[in-house]
Every structure is written in structure tokens, then in C-alpha cells.
Amino acid sequence: MSTKSFRVAICGGGIGGLCLAVALSKHTHIQVDVFEGAERFKEIGAGVMIWSRTWRILELLELAPHFAKVADTQPDPAVATGFEYRRSDTKDGFKWNLVAMPYAFAEQLPKGLAHFRRRLVSYEKQAGGEIALTFADGASAVCDLLVGCDGIKSVVRAQMLRVKAKEDAQPGLLNLIEPKWTGTIAYRGLIPSTNLPSVDGARHRTLASPMMYCGQNKHVVAYSISQGNIVNFVAFASDLNRKNTAYGAEWVTNCSKDEVLQCFGGWESEVSLLLEREEKPTKWGIHHLEELPFFVTNRVVLLGDAAHGMSPHLGAGAGQAIEDAYILAHVLGAAAPKSLDAALEAYQQTRLPVANHVLRSSYESGNMYEFNSRFGDEYSALGPAIGHQWDFLTESTPEGEAEKAMRILRSLERQGIIRERL
Ligand SMILES: Cc1cc2nc3c(=O)[nH]c(=O)nc-3n(C[C@H](O)[C@H](O)[C@H](O)COP(=O)(O)OP(=O)(O)OC[C@H]3O[C@@H](n4cnc5c(N)ncnc54)[C@H](O)[C@@H]3O)c2cc1C
Ligand SMILES: *[C@@H]1O[C@H](CO)[C@@H](O)[C@H](O)[C@H]1NC(C)=O
């Protein structure tokens, strides 16, 4: 028989759900289960970056040594390189800015209390306060707290918003269920470095520095991964008029090399030579969420992309999911079972404003790289503005945010639970 004082069900074993599971499993009074719809945990993909702030959270969670083993780049800020920005939609590009410190890293899969092929279809609040979960295969489970870590197409978010829209007579909330197409598509490719062309007799620049090639309505991000053995590129093209329209295709499809080359016709050879080397590019419809007004209702919580799925232009989605997990685990670990609601409120008050800010900034950054922000292509103003988009990384610290969440929790505990959520 379990002696745990409360049960947390984590729906979705992506980076957010797994990070939360690992962090919570250190609190012996909490029972943790991860319900993953797929047959196994998936890798989030080659070339996903995290920043030193996220690395700090992994250190605080005592996960950094595990990540170091599988990371591409050792997380040493002294050797990390920033992006080099070039205007490239003409035949001769030029350098115009340098910011930030990305770390390429490969995923590591923490062990956990995982249940596979458990695709949540719905949940229901029971009279006694428990939450009953129903899975696609007919299986069921109960918990005291449900955390929806089920990605940008979250079924937990959908149900939460439907229930809240009805309870509060706010039909507008229903518009927040579906992710919105940003009007941007992305072509992605991975090229072995040995296949990379030299440009004017020199080693391709992406091997020396992460590159951001900018153009009107388009930009290409390229950097090496796997100890420099592979170059990862993502080539974006945007149609502002189609923002928030239906994408009208699967989000990820195969596409032809010709389509990519046609899209970037007229770009400097450094870029076109790179795109030419990918025989099997994939095409992505870039979607994001509209900002949610809450991440928590009735002992159901959203975390990661389920709460704030964002465009990839600040490389921040995984970092924000990890930040959510860190704060939520911190307050849940410190809260008595009777102050669970106060802990959830502290999580929401700490994370919602920041995560929504990053979601908004990420979209704006995409516009900046493509000369569609209010700065146009006025490089002298645009350069610093792009730099400031990353201020969220340094304006606070993870430790400071955890302390802030604890202050909110303790203050709510002192006042007694602010409102009855059962
Ligand atoms: C093109 C692109 C590039 C990106 N580049 C970066 C980058 O450089 N840096 C960065 O930080 N981020 C990047 N991201 C974003 C990052 O990948 C996500 O923000 C991150 O993976 C979100 O993690 P998550 O755990 O919230 O959701 P997911 O990773 O989406 O995980 C959700 C999990 O839930 C499972 N699931 C879904 N529905 C159910 C259900 N009903 N029941 C049970 N399980 C379910 C899924 O199988 C999955 O395992 C990029 C994204 C894209 C699309
Ligand atoms: C896309 O291409 C890969 C191989 O590159 C193949 O395995 C996959 O089936 C293709 N998908 C579709 C939908 O054609």
C-alpha cells in the first residue's frame, strides 16, 4: 500500500513531462506516474538548443552530469559562440550582428514511473476530489493532480478550456484550444559536414559559427551539431497575410529539394550551396498558441508546449518547459497536501507572465530576422533590438524565480487557501 500523500499524473512524456517526473520523484511523499501515448519516449530531435539558463536548472535538478554525457557542446560559456547575423537575400551577404550563446544538446531520457501506450482521451473530477483519467485503450487511472504535458495539441488544454468556457460562460476561451499557424513554413535538413561545399575556397562558415542568414520574409538558421560532423539548417519563409489562416496540410511533410531551392532563389551562394546538399528536406508548418489567461484550473495544470507552444525563433520552447517543470516541482515538493491549491497558484503566478512574454517575443523575433518588425531593415536599430529579445534569459535567475514562487506559496498558506478549488 502506498504511503504517499498525493498522486500526480503527468500526461505526456516529452521533455517537460520527463523533467517534471524526475524532479518530483525526489520528493518521497509524492506518487508520480507518467502516461505517454506513444510506445516509447521520443527524441526531441537533432539540433535542439538550450541556453546557459536552462543548463543552470539542470544543475539545480542534479541532472547536468547526465546531460553533459550526451550533449554536443560542453556547457562552458567561455567557449560558447553566438549567432552571426548576415543579410543574405542578395548575392553578396554581409555580417551585421552577433548575439547570444547557444548550446546544442542531445536529449537524455530520464528513467521514471512511465506507462506507455496510455493516450489520455478525457478526465473527470470525482465527487471526492480525485480526478479519473480515461485512456484511448479503455484503461483508467486516478490521481489528485493532473499535469498536462501533452504538447501543443494538448487534449488536457482542450478539455480545460471547454469546461472553463462553460462554467464561466466565456465562449471566447474556445478560440484558444487550437494552435494557430503563424504564416511561416520551415524547411529542415541535416548535412554531413564532409558533404559541405567550400565557399570561395574556404571552409563553410556554418562550421565555424552558428549562422543566421536573414532576408526579406525569409531566414535560414544553420549550425553544426555532433561535434561538428553534421550541419543542421532550418530555412524559414513567411507570408504575413496568411497568419492565423488554416495551414491546410499535415504539420510535417517530406518535400523536394527543388521546392527549397526555388524558395531561396537569388540568395548568396553560401546559402544556396548549403540548401542544395540536402536530398530529403522536410517541410514544417510553424504553429503557436495564443496566450492563455490561466495555466491552472481545478487541480489540472498545463506545462510546456501544452501551456505556451511557441514558434522556434528564440530556441526557447524546451527551456520554458524545463523552467515550468522546475518551478512546479519546487512548489509541489514544499507544499503540504492541504496547500496544493496554493502551490498551483504560485506556479501560475510565477510562470504564466514569463512564458507568455517569451511566446510573444519568439514570434516578434521571427519578424525581426525577416525585416518585418517595426525596425524594418534598419540594421543599427535592429541589431540591438534582436539582442534584447534574449533579455528574459538574464533578467532573473532560476533560483530567484523559485524563491519568488515560494514567497507566493507561503503568503497564500498564511492567508489560508485563497479559494476552494475542489
Ligand atoms: C522546428 C522546431 C524547432 C525547435 N527548436 C527548438 C530549439 O532549438 N530549442 C528549444 O528549446 N525548443 C525548440 N523547439 C521546441 C521544443 O521542441 C518544444 O518546445 C518542446 O519539445 C516542448 O516539450 P513538451 O514536453 O512540452 O511537449 P512535446 O515535446 O510535444 O511532448 C509531448 C508528449 O506528450 C505525448 N502526448 C501527446 N498527447 C498525449 C495524450 N493525449 N496522452 C498521452 N501522451 C500524449 C506525446 O507523444 C509527447 O511525447 C523546436 C520546435 C520545432 C517545431
Ligand atoms: C518521408 O521520407 C522518409 C525517408 O526519407 C520516409 O521514410 C517516409 O515514409 C516519408 N514520408 C512520407 C509521408 O512520404
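Structure's up top.
This report concerns the structure included in the present document. If you're wondering where the values come from, they're calculated on a predicted model, not measured in any experiment. (Residues numbered from 1 in each chain as written. Chains lettered and ligands numbered in written order. Predicted model: local features only at pLDDT ≥ 70, side-chain atom pairs only at ≥ 80, totals over all residues. Heavy atoms only, no water.)

1. Thoughts on helix 2 (residues 52-60)
Inference 1: All of the buried residues in helix 2 are Arg53, Thr54, Trp55, Ile57 and Leu58.
Inference 2: Positive backbone phi, approximately 60°, marks Glu62, located one or two places after helix 2. (Buried < 20%, exposed > 50% of the residue type's maximum accessible area, 1.4 Å probe, protein only. Helix = DSSP H or I, 4+ residues; strand = E, 2+ residues; numbered from the N terminus.)

2. Some thoughts on the pattern of salt bridges
Inference 1: Tallied over the full model, the rule gives 15 salt bridges.
Inference 2: Linking Glu259 and Lys283 is a salt bridge whose minimum nitrogen-to-oxygen distance equals 2.7 Å. Pair noted here: Glu259 is in helix 5 (residues 257-263) and Lys283 is in strand 17 (residues 282-288), with a separation of 24 residues, a long-range link.
Inference 3: Take Lys283: its relative accessible area is 19%, and that puts it in the buried class.
Inference 4: Each of Arg7, Glu130 and Asp144 takes part in one network of salt bridges that share partners. (Salt bridge = Lys/Arg side-chain N within 4 Å of Asp/Glu carboxyl O.)

3. Observations concerning the nonpolar core
Soluble globular proteins tend to bury their nonpolar side chains together.
Inference 1: By size, the foremost hydrophobic cluster in this structure holds 77 residues, and its most contacted members are Leu133, Leu146, Leu328 and Leu332.
Inference 2: Tallying contributions element by element places helix 8 (residues 317-334) first for this core, with 10 residues.
Inference 3: Leaving out residues up to four positions away in the same chain, Leu332 has contacts with Phe6, Leu24, His29, Ile30, Leu145, Leu340, Ala343 and Leu344. (Core = buried A, V, L, I, M, F, W, Y, C linked by side-chain atoms within 4.5 Å. Contact = heavy atoms within 4.5 Å.)

4. Concerning the packing of helix 2 against helix 8
Inference 1: Relative to each other, helix 2 and helix 8 sit at 35°, their axes nearing to 10 Å. The crossing of helix 2 and helix 8 is left-handed. Contacts between helix 2 and helix 8 pair Arg53, Thr54, Ile57, Leu58 and Leu60 from the former with Gly319, Ile322, Glu323 and Tyr326 from the latter.
Inference 2: Classifying every residue of the contact of helix 2 with helix 8 by side-chain character gives 5 nonpolar, 2 polar and 2 charged. (Axes fitted to C-alpha atoms, helices over the stretch in contact; angles between N-to-C directions. Left-handed = near helix turned anticlockwise from the far one by under 90°. Nonpolar A, V, L, I, M, F, W, Y, C, P; charged D, E, K, R; others polar.)

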